Amino acid sequence: MPDTTHGSHPAPDPNAEHGSIFDGLLGSDASQWAFGTDFEDPLAGVDTTIPDGVAPADLAAYCLMLADDALVASHRLSEWCSRAPDLEEDIALANIALDLLGQARLLLARAAAADPAVTPALPEGSPVPPEDALAFFREQEAFRNVRLVEVPNGDFAHTVVRLLLFATARLALLERLAHSRDHVLAAVAAKGVKEVTYHRDYAGRWFLTLARGTEESRRRLLAALQELWPLYPEMTATHDVEARVAAAGVGVDPATAADEVDVVLEQVFAMSGVERPQGAPLAGVRGRTGRDGLHTEALSRMLAEMQVVARAHPLGRW
Amino acid sequence: MTDEQPSVRAEWPLYEVFVRGKRGLNHVHVGSLHAADDQMAVRHARDVYTRRNEGVSIWVVRADLITASSPDEKDPLFAPSGDKVYRHPTFYAIPADVPHM
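Residues numbered from 1 in each chain as written. Chains lettered and ligands numbered in written order. Predicted model: local features only at pLDDT ≥ 70, side-chain atom pairs only at ≥ 80, totals over all residues.

Going by the annotation in an unreviewed UniProt entry, the name recorded for chain B is 1,2-phenylacetyl-CoA epoxidase subunit B, with Nocardioides jiangsuensis given as the source organism.

1. Here we look at the overall build of chain A
Quick reminder of the rule: The secondary structure listing takes helices from DSSP runs of H or I that are at least 4 residues long and strands from runs of E that are at least 2 residues long, numbered from the N terminus. A residue is called partly exposed when the number of other C-beta atoms within 10 Å of its own lies between 12 and 20, exposed at 12 or fewer, and buried at 20 or more, with C-beta atoms placed from the backbone. By definition, residues are in contact whenever their C-beta atoms, placed on the basis of the backbone, come within 7 Å of each other.
The helix and strand tally for chain A stands at ten helices and zero strands. A buried classification covers 42% of the 318 residues belonging to chain A. For chain A, contacts bridging at least 24 residues in sequence account for 69% of all contacts bridging at least 6.

2. A short note on the pairing of strand 2 (residues 28-34) of chain B
All names here are of chain B. Condition: Here a strand pair is declared whenever DSSP counts at least two bridges between the two strands.
When strand 1 (residues 14-21) meets strand 2, the two strands line up antiparallel, connected through six bridges. Bridge pairing in strand 2 places Tyr15 opposite Leu33. Between strand 1 and strand 2, which pair antiparallel in sequence order, lie six residues.

3. With respect to helix 1 (residues 38-49) of chain B
Residues spaced three or four apart along an α-helix point in a common direction, a consequence of the helix completing one turn every 3.6 residues. Residue and element names in this part refer to chain B. Convention followed: Helices are assigned an expected span. That span is 1.5 Å times one less than the residue count. Each direction from the helix axis to a C-beta atom contributes to the arc, which is the arc of those directions.
Taking 1.5 Å per residue, twelve residues should reach 16 Å; helix 1 reaches 16 Å between its end C-alpha atoms and fits that length. For helix 1, every residue scored as buried is listed here: Ala41, His44, Ala45, Asp47 and Tyr49. All buried residues of helix 1 fall inside an arc of 170 degrees around its axis, so they share one side.

4. Looking at the nonpolar core
Filter applied, for reference: Under the definition applied here, buried Ala, Val, Leu, Ile, Met, Phe, Trp, Tyr and Cys residues are grouped into a nonpolar core through C-beta atoms within 7 Å.
Ranked by internal contacts, the top residues of the largest apolar core, which has 78 residues, are Cys63(A), Ala67(A), Leu107(A), Ala111(A), Val160(A) and Val161(A). Mapped by element, the contributors of at least two residues to this core are helix 2 (56-78), helix 3 (87-114), helix 4 (130-136), helix 5 (156-177), helix 6 (183-211), helix 7 (215-228) and helix 8 (240-247) of chain A. Among the elements that make up this core, the one with the highest residue count is helix 5 of chain A (15 residues). Those residues in contact with Ala111(A), other than ones at most four positions away along the chain, are Ala60(A), Cys63(A), Leu64(A), Ala67(A), Val118(A) and Leu134(A). Counting residues in hydrophobic clusters, the runner-up holds eleven residues, among them Tyr15(B), Val17(B), Val28(B) and Ala35(B).

5. Regarding the sheet that holds strand 2 of chain B
All names here are of chain B. Convention followed: Note on geometry: axes are lines fitted to C-alpha atoms, helical ones only across the stretch in contact, with angles between N-to-C directions running from 0 to 180 degrees.
Pairing is antiparallel in the open sheet, where three strands are placed in the order 2-1-3. Either end of the sheet is taken by a strand with one partner, and the two such strands are strand 2 and strand 3 (55-62). Each neighbouring strand pair of the sheet contributes to a mean axis angle of 30 degrees, computed without reference to strand direction. Relative to strand 3, strand 1 is paired through seven bridges, and the arrangement is antiparallel.

6. Concerning the packing of helix 6 of chain A against helix 9 (residues 258-272) of chain A
Residue and element names in this part refer to chain A. For the record, the criterion: An angle counts as roughly parallel when it lies under 35 degrees, as roughly antiparallel when it exceeds 145, as roughly perpendicular when it falls between 65 and 115, and as oblique in every other case. Note on convention: near helix rotated counterclockwise from far helix by under a right angle means a left-handed crossing. Clockwise means right-handed. Under the scheme applied here, ten amino acids are nonpolar (Ala, Val, Leu, Ile, Met, Phe, Trp, Tyr, Cys and Pro), four are charged (Asp, Glu, Lys and Arg), and all others, including Gly, are polar.
Between helix 6 and helix 9, the shortest axis-to-axis distance is 9 Å and the interhelical angle comes to 30 degrees. Classified by the angle their axes make, helix 6 and helix 9 are roughly parallel. Considering how the two elements wind past one another, helix 6 and helix 9 form a crossing that is right-handed. Residues Gly204, Phe207, Leu208 and Ala211 of helix 6 form the contact with helix 9, whose own contacting residues are Val268, Met271 and Ser272. Its residues placed into classes, the contact of helix 6 with helix 9 shows five nonpolar, two polar and no charged.

7. Some remarks on the confidence of the model for chain A
Residues and elements named next belong to chain A. For clarity, the cut-off: On a scale of 0 to 100, pLDDT captures the predictor's confidence in every residue.
A residue-level look at chain A finds 87% of positions with pLDDT of 70 or above and a mean pLDDT of 89. Below pLDDT 50 for its whole length, residues 1-22 participates in 30 contacts with residues either more than four positions away or in separate chains. This model gives residues 30-36 a pLDDT under 50, and the stretch forms 13 contacts once residues within four places in sequence are excluded.

8. Here's the deal with helix 2 of chain A
Taking 1.5 Å as the rise per residue, helix 2 of chain A with 23 residues should run 33 Å; its terminal C-alpha atoms sit 32 Å apart, in good agreement. In terms of burial, helix 2 of chain A is largely enclosed, as 20 of its 23 residues are buried.

9. Let's talk about the packing of helix 5 of chain A against helix 7 of chain A
Residue and element names in this part refer to chain A. Relative orientation of the contacting elements helix 5 and helix 7 amounts to 50 degrees, with a least axis distance of 8 Å. As judged from the angle between their axes, helix 5 and helix 7 are oblique. Between helix 5 and helix 7 lies a crossing whose hand is right-handed. For the pair helix 5 and helix 7, the contacting residues are Ala157, His158, Val161, Arg162 and Leu165 in the first and Ser217, Arg220, Leu221, Ala224, Leu225 and Leu228 in the second. Across the contact of helix 5 with helix 7, the residue classes break down as seven nonpolar, two polar and two charged.

Structure below.
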């Protein structure tokens, strides 16, 4: 039968004998290197004006909290690159890291737009965009992520537990944030809900698998849960900034999602035959925690590695 | 030592992956991967083979469940259709607006 379905494609793969899944996906521009097309700009057509009734400094600080959680979690996940238990998990973890990096980028840009004062000063003529300046030129005290995402990686079980706790809490948050009066935050949240739903599913399945797997996998999972549990309450604690932006209808008070997050975790624990851990929350210092810029020493080492190249070339073009 | 038993090593089974592209009409074989079970195979396929926006649907099947024709049978199976040009509907004019022929 004449193959008219492939005849009209502008850029068929010359190496494919029988046509491939990538045929026709290049669109009319054969010089384009990516296979996928129809990429969507999550902010296309979104009203970017800063909503009234919220202090710009508060909105910026709130965006930094959401952004830094994603940025630091993303970096820890990306440290698995080439080190994961197998190729498939390596790519899965990298995908999740990239999802979170994309969220961080949009949120950092929003923080800079809300209050340019949060962006570190760079030398005259630096081409570094505000979101990169925030990622690579801030000191650790200016990072507002929870400490859960910054502690160093352990084994694979450690990453599974951390991702489960993080994604469960973040998903509940983003679902509520999708109704924000700030149209940019609402759009970023709506995009993030689909991504983090998959992250939670990924982590939940692995949690169950490791818990019900071998004696060794269960031992490692329980050890990771014991270690990370004291850091979990920070995810659902309310910071003053969060309370204010929530009152303004722009942000979400994470405490309002705490019960829902707990129910989800309880379900995963019950299915996995794991008892809810008992450890007390990791104390802050004079009431200050990650959201206030109070971090563990692990963050400064992580940032040193993450920021060193950008800082060495503030005028560099990438 | 020849009498030593190899240590038990659980290897995940191989799966073949089929993806239907956004503008594709049918699922197309794109590759293979290892997974512990069917559901994990779907998720691995999503992570490995659709991360550049390639697909809207995934099929996975364990490679050992596929029955394939043997290269030895190539002649009896496929050569006989080589000279039956009348089996192609080339003697009809296909209207321009009939797709997917």
